[in-house]
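Structural overview for review
Residue strings, one per chain:
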Amino acid sequence: GVQTCALPISGLAHYYTGWLSSIQSHLPSTTVYALGHLGHSPSSAAFAWTPKGAASLQDQVEHKVAFIDELSQTHDFGPGKDQTKLILLGHSIGCWIACEALKLRPALITSLHHFFPTLSHMAATPNGARLSPLFRPALFPSLSLTTAALSFLPAALLSRSEEHTSELQSPS
């Protein structure tokens, strides 16, 4: 049968392990690859630096397109009846990156699905203005290590933290 290949594009791929496992279990004929952003996890931190400095958005796009090109060596991607369907799943700025990848590889990508898209002016949003100081190139290594360390916390502790955060944010 026709195969589907899903490629989520998000900052921290390991953050989505449960969700990606759910996709895999509900759609067993779908191959799921997860691709994080350069410099967003300790395993990719070494690749986040270019001769010009920290990886730019264009570097992120080129990284995703290179991965798609590599996958296309073993998959016959395209819209044809017997071709493998490549679906990009973008989250936040990953949506913009997925759109740029589609512009560069329109014959290979069947569809895009965006989750909480950030397509432009990210630093101008309230969260962007508040969080942008954290995303200075000098802080990338420590930010990557911190998020990786948090991923090892027990799920029960994280769910309690989410419940507490929801309680704090819910209107009275």
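This structure is a prediction, so every number in the text was calculated from the model and none was measured.

Parameters and conventions
- Residues numbered from 1 in each chain as written.
- Predicted model: local features only at pLDDT ≥ 70, side-chain atom pairs only at ≥ 80, totals over all residues.
- Heavy atoms only, no water.
- Axes fitted to C-alpha atoms, helices over the stretch in contact; angles between N-to-C directions.
- Helix = DSSP H or I, 4+ residues; strand = E, 2+ residues; numbered from the N terminus.
- Parallel < 35°, antiparallel > 145°, perpendicular 65-115°, else oblique.
- Left-handed = near helix turned anticlockwise from the far one by under 90°.
- Contact = heavy atoms within 4.5 Å.
- Nonpolar A, V, L, I, M, F, W, Y, C, P; charged D, E, K, R; others polar.
- Buried < 20%, exposed > 50% of the residue type's maximum accessible area, 1.4 Å probe, protein only.
- Pairing = 2+ DSSP bridges.
- Right-handed = clockwise from strand over helix to strand, strands pointing away.

**Some remarks on the packing of helix 2 (residues 57-71) against helix 3 (residues 93-104)**
Running from N to C, helix 2 and helix 3 cross one another at 60°; their axes reach a closest spacing of 9 Å. With respect to each other, helix 2 and helix 3 are oriented oblique. Here helix 2 and helix 3 pass one another in a crossing that is right-handed. In this structure, helix 2 uses Leu57, Gln60, Val61, Lys64, Val65 and Ile68 to contact helix 3, whose residues at the interface are Ile93, Trp96, Ile97, Glu100, Ala101 and Leu104. Within the contact of helix 2 with helix 3, the residues separate by chemical class into nine nonpolar, one polar and two charged.

**Considering the pairing of strand 1 (residues 4-9)**
Of all six residues that make up strand 1, six are buried, and the element is covered over most of its length. Alternating residues of strand 1 divide into Thr4, Ala6 and Pro8 and Cys5, Leu7 and Ile9, and every residue in both groups is buried. Relative to strand 2 (residues 30-32), strand 1 runs parallel, the two sharing three bridges. Across the sheet, Cys5 pairs through a bridge with Thr31, a residue of strand 2. Regarding topology, helix 1 (residues 17-26) serves as the crossover connection from strand 1 to the parallel strand 2, and that connection is right-handed.

These values are about where atoms sit, not about what they do.
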